[in-house]
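A closer look at the structure
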There are 2 protein chains.
Amino acid sequence: MENVRELFQVMTRRFGLLNKNCCQVGGSEVSMVQSHILYELLRKDNPSMQQVAENLGMDITTFSRQIQNLVKQGLVSKSPLSNDRRVYQLSLTPQGNYIAASIDAQMNQYLAEVFSNMSEFEKEMVIKSVKLLNNAMSKSTVCCKPLI
Amino acid sequence: MENVRELFQVMTRRFGLLNKNCCQVGGSEVSMVQSHILYELLRKDNPSMQQVAENLGMDITTFSRQIQNLVKQGLVSKSPLSNDRRVYQLSLTPQGNYIAASIDAQMNQYLAEVFSNMSEFEKEMVIKSVKLLNNAMSKSTVCCKPLI
DNA sequence: AGAAAATACTTGCATATTGCAACTTTTTTT
DNA sequence: AAAAAAAGTTGCAATATGCAAGTATTTTCT
């Protein structure tokens, strides 16, 4: 059998590079980590700090500081939950939303370009495979905790 | 159509977490970046600094320092090329080789566990898809330079 | 009700990582 | 023989990281 790890290692590295490309929108310069955070906030509805940090597999203290920066940059807003004032709800500001959406659009465009190098059939297969893989990894006992 | 980026983002994140798990072998603690470097050295035959740095998409100065650490830790050896003494050939020491091979084995074991959650047919499809994807990304004009 | 424990998040601190600019050394070009 | 190029290395300043210990709030336990 072929070396499976090799395949995945290369793929992951490539995808990492792809992601790196996406991190400058207009004037703003966004780090890779910040881009991941914005991505989460774009999809989740007013999550707490812990929820997002856990989803990203980040240490909560590092995350806390990253959020402080994003708030300072005017991309994220943080407001205490009225029920439980220990918890902060995170959301994107309009500017943060614009940037996150731009990055998302750019990534999708890049992916479309990648897929343009395959047939429609292959594309369907690849997408199906990634879904399968995500599903299988989520079931794994050994890997990928903290779970997404 | 489903959100393709979402799928890839999640997959990449999970694979990143998977990789993180692999970075302690026996007593030695190896960082993620170091593990990527060891991986390259395990496969390539006496590459130069630039070659590896480029393959990994790393800045050469950062790479230089990472190699210094690995040499200090006794995992990598660095010897000037006789033809051209500007160039250094990199290779794994026996201990470095042991660690790189251990990480590789562990990763392959993790992957096997992930694949155990699918049918043989699905597994074949997924592997084929990753190959396709790597191939398509290598053809892309927009992404993934420095090329691997 | 009131003390103790738990939870959510933040800060101190020490360490590691990063990348640009400028450097050394060696080789190639002119 | 001088100039340019190439391969690596350092200075430095900015940033990221994670553990331990902190604050503030809520829950649990008598």
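Calculation rules
- Residues numbered from 1 in each chain as written.
- Chains lettered and ligands numbered in written order.
- Predicted model: local features only at pLDDT ≥ 70, side-chain atom pairs only at ≥ 80, totals over all residues.
- Heavy atoms only, no water.
- Near = heavy atom within 4 Å.
- Polar contact = N/O pair within 3.5 Å; in protein donor to acceptor, adjacent residues only side chain to side chain.
- Helix = DSSP H or I, 4+ residues; strand = E, 2+ residues; numbered from the N terminus.
- Contact = heavy atoms within 4.5 Å.
- Buried area = accessible area lost by both parts, 1.4 Å probe.
- Salt bridge = Lys/Arg side-chain N within 4 Å of Asp/Glu carboxyl O.
- Nonpolar A, V, L, I, M, F, W, Y, C, P; charged D, E, K, R; others polar.

Moving on: the protein's contact with DNA strand C. Lining the immediate environment of DNA strand C, one finds 21 residues, of which Met49(A), Gln50(A), Ser64(A), Lys78(A) and Arg65(B) sit closest. Considering the 4 Å shell around the protein, atoms of DNA strand C inside it are sugar or phosphate in 68% of instances. In this structure, Met49(A) approaches DNA strand C through a main-chain N or O atom, which is 3.3 Å from a phosphate oxygen. Within the residue set of the surface near DNA strand C, elements represented by two or more residues are α3 (49-56) and α4 (60-72) of chain A together with α4 (60-72) of chain B.

Next up on the list: the interface of chain A and chain B. Contacts between chain A and chain B engage 62 residues on the former and 62 residues on the latter. Around 6500 Å² of area is buried between chain A and chain B when both sides are counted, 65% of it from carbon and sulfur atoms. The largest contributions to the chain A side of the interface with chain B come from Arg5(A), Arg13(A) and Arg14(A), which together make up 14% of the buried area. Our enumeration of links across chain A and chain B arrives at six salt bridges.

Moving on, we come to the protein's contact with DNA strand D. Taken together, 22 residues lie near DNA strand D, and Arg65(A), Met49(B), Gln50(B), Ser64(B) and Lys78(B) sit nearest. In this structure, a base nitrogen belonging to DNA strand D sits 3.2 Å away from a side-chain N or O atom of Thr61(A). Interatomic distance of 3.3 Å between a side-chain N/O atom of Gln68(B) and a phosphate oxygen of DNA strand D. Those elements that place two or more of their residues in the surface near DNA strand D are α4 of chain A together with α3 (49-56) and α4 of chain B. Per-element tally for the surface near DNA strand D: the top contributor is α4(A), with five residues. Looking at the surface near DNA strand D residue by residue, the classes come out as four nonpolar, ten polar and eight charged.

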